[in-house]
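Residue-level structural notes
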Amino acid sequence: MPNIRKSNHVGALLAGLALLVTGCATQSPGSASPADEGSSTPSNLEPSTSNPAPIVNSRDMDPCDLLSSEEVVEFGKFKPPSRQEMGGARGCDFLPDRGDESDRREESEGSLPTIGVGIRDEQGIGDAVDQGYGVDNGEFNGRPAAKIPAEGGGCIIALALTDTSRVDVGVTGIDTDKACQLVEQVTEIVEPKLPGEN
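Calculation rules
- Residues numbered from 1 in each chain as written.
- Predicted model: local features only at pLDDT ≥ 70, side-chain atom pairs only at ≥ 80, totals over all residues.
- Heavy atoms only, no water.
- Helix = DSSP H or I, 4+ residues; strand = E, 2+ residues; numbered from the N terminus.
- Buried < 20%, exposed > 50% of the residue type's maximum accessible area, 1.4 Å probe, protein only.
- Contact = heavy atoms within 4.5 Å.
- Areas by Shrake-Rupley, 256 points an atom, 1.4 Å probe, with all protein chains shown as cover.
- Pairing = 2+ DSSP bridges.
- Salt bridge = Lys/Arg side-chain N within 4 Å of Asp/Glu carboxyl O.
- Disulfide = S-S within 2.5 Å.
- Expected span 1.5 Å × (residues − 1).
- Polar contact = N/O pair within 3.5 Å; in protein donor to acceptor, adjacent residues only side chain to side chain.

**Regarding the overall build of the chain**
The helix and strand tally for the chain stands at 4 helices and 8 strands. Secondary structure of the chain in N-to-C order comes out as β-α-α-β-β-α-β-β-β-β-β-α. Per-residue burial for the chain yields a buried fraction of 51% across its 198 residues. For the chain, contacts bridging at least 24 residues in sequence account for 66% of all contacts bridging at least 6. Just so you have it, the chain exposes about 9200 Å², and 47% of that area is on carbon and sulfur atoms.

**Some thoughts on the pairing of strand β4 (residues 114-120)**
For β4, a buried count of 7 out of 7 residues is recorded, marking the element as mostly surrounded by other parts of the structure. Here β4 shows a buried face lined by Thr-114, Gly-116, Gly-118 and Arg-120 and a second buried face lined by Ile-115, Val-117 and Ile-119. Sheet topology places strand β3 (residues 89-94) next to β4; 5 bridges connect them, and they run antiparallel. When the bridges of β4 are listed, Gly-91 appears paired with Gly-118. Where β4 and strand β8 (residues 165-172) come together, 7 bridges link them in antiparallel fashion. Counted as the bridge partner of Thr-114 is Thr-172 from β8.

**Overview of the pattern of salt bridges**
Considering all chains together, one arrives at 9 salt bridges under this definition. We note a salt bridge from Lys-147 to Glu-184, for which the minimum N-O separation is 2.9 Å. Pair noted here: Lys-147 is in strand β6 (residues 143-149) and Glu-184 is in helix α4 (residues 176-190), with a separation of 37 residues, a long-range link. In terms of burial, Lys-147 and Glu-184 fall into one category: buried. Asp-168 is paired through a salt bridge with Arg-166; the nearest N and O atoms lie 2.6 Å apart. Each member of the pair, Asp-168 together with Arg-166, is buried. One network of salt bridges, with partners in common, ties together Arg-59, Arg-90, Asp-121 and Glu-122.

**A short note on the environment of Val-186**
In this fold, Val-186 is placed in helix α4. Here the alpha-carbon distance between Val-186 and Val-117, two residues 69 residues apart in the chain, equals 9.5 Å. Other than its neighbours up to four places away in sequence, Val-186 contacts Leu-67, Phe-75, Ile-115 and Val-169.

**A short note on the state of the cysteines**
The final tally for this structure, using the stated rule, is 2 disulfides. Between Cys-64 and Cys-92 runs a disulfide, and the two sulfur atoms are separated by 2.1 Å. Where Cys-64 bonds to Cys-92 through sulfur, the torsion about that S-S bond is close to 105 degrees, and the disulfide is right-handed. With Cys-64 in the loop between α1 (17-22) and α2 (69-72) and Cys-92 in strand β3, this residue pair connects regions lying 28 residues apart in the sequence. Exposure remark for Cys-64: the relative accessible area of 16% places this residue in the buried category. According to the relative accessible area criterion, Cys-92 is buried, its value standing at 0%.

**As for α4**
Turn by turn, an α-helix covers 3.6 residues, leaving residues three or four places apart pointing in a common direction. Helix length check: α4 (15 residues) gives 20 Å between terminal C-alpha atoms against 21 Å at 1.5 Å per residue, within 8%. Three or more residues of α4 are buried, namely Thr-176, Ala-179, Cys-180, Leu-182, Val-183, Glu-184, Val-186, Thr-187, Ile-189 and Val-190. Capping of α4 at its N-terminal end is provided by Asp-175; its side-chain oxygen lies 3.1 Å from the backbone amide nitrogen of Asp-177.

**Here we look at the environment of Gly-138**
When you line up the elements, Gly-138 lands in strand β5 (residues 136-140). Exposure remark for Gly-138: the relative accessible area of 4% places this residue in the buried category. Taking the C-alpha atoms as reference, Gly-138 lies 9.9 Å from Ile-125; in sequence the two are 13 residues apart.

**Considering unusual backbone geometry**
Trans is the prevailing form of peptide bonds, just as negative phi is the prevailing case for residues other than glycine. With a phi close to 50 degrees, Asn-141 is a non-glycine residue in the positive phi region. Within the fold, Asn-141 resides in the loop between β5 and β6. Residue Asn-141 is classed as partly exposed on the basis of its relative accessible area of 22%.

Right, here's the structure in full:
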């Protein structure tokens, strides 16, 4: 299990979960509320003890360099990555490969995830948007982070690059609990590739 720590600090809101995968959403500034006690997604966050994020130029980064086709194969069959540049994020998405009949049978027995990595050059983890279950701010492997479970399915872990930029790792297309479990596994691959001390 990754080292995610919870904090009582809840940041501003994150642009929609769909933006990470589809690149289509708008952002509304405001304040997030803590997750309900009865939230279906348990939090593995612990209090943040880190210093502010280091200075990094996120514009020099390529989201498709942070996760490869070879790395996502352990999570299922995916099409080659597709790039998205919309709504404040530059993304790299891995859509499920539903190419043959056996894949369609598996899909009917359960949903297939979409995995995405997005770089937000002008939005830090403090800009995280509540997707229905709150925003849990803390750390992931020592890096400032926010976990954003989505009501109706999906989950994002936002990783700080600087105070005003971040990398979002997201999973959609499956229920929230499974998405949050999978996004933690994917984030274990992405986070060590990020610049700055963690």
